[in-house]
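Here's the letter readout for the chains.
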Amino acid sequence: MENEMSPPRKPRALVVDDLPDSAESLKMLLEHAGWSVDVAADGIEALRLANVSHPRLILLDISMPKLDGFDTCGVLRAQPWAAGTHMIAVTGHSMDEVEERARKVGFDAFLLKPVDPEELLETARRLAGPESLQA
């Protein structure tokens, strides 16, 4: 239980992208907005980290080695702890069938790369609630 002197806990997020620059820029953006952020380079690492940290928000690149974003999302959605977790597909592919498949496997939103910072923060606010991000 938090007392009056302890700072509020930051909401947890997980950024999953096999491109280090992309992952780092998304991490910095979310941290600046008040999130505590972990980073994974592929779906396997994402599953390991998410099952420990139980993030409130997950940004998943679709095209990754080992386990793509679709399959990673499907496995995560099957976890009981993930019922309140919001997942955003992040990809450079703008085809309608990619977005449709993303929604079918359980993504809550879909963002195209390069991700617009304002759009990401607005999507996170909409999904996770305005109290989750600093203004």
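About the criteria used
- Residues numbered from 1 in each chain as written.
- Predicted model: local features only at pLDDT ≥ 70, side-chain atom pairs only at ≥ 80, totals over all residues.
- Heavy atoms only, no water.
- Helix = DSSP H or I, 4+ residues; strand = E, 2+ residues; numbered from the N terminus.
- Buried < 20%, exposed > 50% of the residue type's maximum accessible area, 1.4 Å probe, protein only.
- Contact = heavy atoms within 4.5 Å.
- Salt bridge = Lys/Arg side-chain N within 4 Å of Asp/Glu carboxyl O.
- Pairing = 2+ DSSP bridges.
- Right-handed = clockwise from strand over helix to strand, strands pointing away.
- Axes fitted to C-alpha atoms, helices over the stretch in contact; angles between N-to-C directions.
- Parallel < 35°, antiparallel > 145°, perpendicular 65-115°, else oblique.
- Left-handed = near helix turned anticlockwise from the far one by under 90°.
- Phe/Tyr/Trp six-rings, centres within 6.5 Å; stacked < 30°, edge-to-face > 60°.
- Lys NZ or Arg CZ within 6 Å of the ring centre and 35° of its normal.

The helix and strand inventory of the protein stands at five helices and five strands. Taken from N to C terminus, the helices and strands of the protein fall in the order β-α-β-α-β-α-β-α-β-α. The 135 residues of the protein split such that 47% are buried. Here the analysis covers contacts within the protein between residues at least 6 apart in sequence; of these, 58% occur between residues at least 24 apart.

Taken as a whole and assessed by the stated rule, the structure comprises nine salt bridges. Between Asp17 and Lys113 there is a salt bridge, with its nearest N and O atoms 2.8 Å apart. Of this pair, Asp17 sits in the loop between strand S1 (12-16) and helix H1 (20-32) while Lys113 sits in the loop between strand S5 (109-112) and helix H5 (117-128), and the two are 96 residues apart along the sequence. Residues Lys27 and Glu31 are paired through a salt bridge, measuring 3.7 Å at the closest nitrogen-oxygen approach.

Residue placement: Gln79 occurs in the loop between helix H3 (69-77) and strand S4 (86-91). Taking C-alpha positions, Gln79 is 8.3 Å from Asn51, a pair spaced 28 residues apart along the chain.

Once that is clear, we can look at the pairing of strand S2 (residues 36-40). Inspection of the sheet shows S1 paired to S2 by five bridges, in the parallel sense. In the sheet register, Val16 faces S2, and the bridge partner there is Ala40. As for the winding sense of the linkage, the β-α-β connection from S1 through H1 to S2 is right-handed.

Moving on, we get to the packing of helix H2 (residues 43-53) against H3. Closest axis-to-axis distance for the H2/H3 pair is 9 Å, and the angle between their directions is 20°. In terms of axis orientation, H2 runs roughly parallel to H3. Every pair of crossing elements has a handedness; the one defined by H2 and H3 is right-handed. Seen from H2, the contacting residues are Gly43, Ala46, Leu47 and Ala50; seen from H3, they are Thr72, Val75 and Leu76.

This part covers the packing of aromatic side chains. Applying the stated rule across the entire model yields zero aromatic pairs. Note that Arg101 overlies the ring of Phe70, its terminal NZ or CZ placed 3.9 Å from the centroid.

Now for the sheet that holds S4. Backbone-to-backbone hydrogen bonds pair the strands of a sheet. The strands run either parallel or antiparallel. If you walk across this open sheet you meet the five strands as S2-S1-S3-S4-S5, and the pairing is parallel. The open sheet has two edge strands, S2 and S5, and neither has a second partner. Strand-to-strand twist of the sheet, defined as the mean angle between neighbouring strand axes without regard to direction, takes the value 20°. Taken strand by strand, H3 contacts strand S3 (57-61) and S4, and its axis lies near 150° from that of S3.

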